[in-house]
Amino acid sequence: MFFNKLFQVKLLLSDILQKLNLCIILIVSILVFYECQEQPARIDKEKEISEISNTISSCIGWFENKDFDLLFSIVANDASYLCVHPADRVIKGFDEFERNSEIFRNPDFMYVRHEIRDLNINLSKTGKVAWFYCILDDINTWNGRPANWENTRWTGVLEKRDGKWVMVQQHYSFATD
């Protein structure tokens, strides 16, 4: 009887070891499978912030040389684009934005300079979306007279599309205090 129980214990231990080996094989297989999966690329946050900053500056700086190709390349070219101006103007979609940009072709409308202060850029964990806040001085002339936006609050959202940062939404406002 003792040997019978010993044999049963041996069979039980053997069964447990087989199940344990199976569990170990399963766990190792899952780990190997997980490690073989494509991991998201590491985000070079400093590089992305620099590119985003350049795109933000180009949203105003394009006007220095009236580089419409640059302007239209850094704004979302679809219906989702949104731009809110300080007064009551809201531009919805790229087509409307493109039509409204024609005023800048007028030779009487001239760039003088622009300055962006207190720029604060946030990058999403995925590295595909960024949002920002800054103070903008956009100094221009119209028929030789000042046509400036000074101390303008500027916020916006950019999205990385096809490896390039584009503005998808922006909002300008003037402080009333």
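The structure presented is a predicted model; accordingly, all values stated were derived computationally and were not measured.

Cut-offs used in this document
Residues numbered from 1 in each chain as written. Predicted model: local features only at pLDDT ≥ 70, side-chain atom pairs only at ≥ 80, totals over all residues. Heavy atoms only, no water. Salt bridge = Lys/Arg side-chain N within 4 Å of Asp/Glu carboxyl O. Helix = DSSP H or I, 4+ residues; strand = E, 2+ residues; numbered from the N terminus. Buried < 20%, exposed > 50% of the residue type's maximum accessible area, 1.4 Å probe, protein only. Core = buried A, V, L, I, M, F, W, Y, C linked by side-chain atoms within 4.5 Å. Contact = heavy atoms within 4.5 Å.

Student: Please explain the pattern of salt bridges as it appears in this structure.
Tutor: Applying the stated criterion across every chain, the model contains seven salt bridges. Close ionic contact of E51 with K47 constitutes a salt bridge, the shortest N to O distance being 3.0 Å. You can see E51 and its partner K47 sitting in helix α2 (residues 45-61), four residues apart, about one turn around the helix. According to the relative accessible area criterion, K47 is partly exposed, its value standing at 43%. Connected via shared salt-bridge partners are D78, E159 and R161.

Student: Sorry if this is basic, but what is going on with the nonpolar core here?
Tutor: One recurring pattern in soluble globular proteins is that nonpolar side chains are buried together. In terms of nonpolar packing, the biggest core is built from 32 residues, with I52, I56, F97, F132, W154 and M167 touching the most fellow members. Of all elements in the fold, only α2, α3 (68-73), α4 (94-100), β3 (109-123), β4 (129-142), β6 (149-161) and β7 (164-174) reach the threshold of two or more residues within this core. Ranked by residue count, the leading element in this core is β7, at five residues. The residues touching W154, leaving out its near neighbours within four places in the chain, are I56, C59, I60, I116, F132, Y133, C134, L136, M167, Q170, H171 and Y172.

Student: How do you make sense of the environment of V90 when you look at a structure like this?
Tutor: Mapped onto the elements of the fold, V90 is located in strand β2 (residues 90-92). Under the relative-accessibility criterion, V90 is labelled partly exposed at 35%. Taking the C-alpha atoms as reference, V90 lies 9.1 Å from H171; in sequence the two are 81 residues apart.

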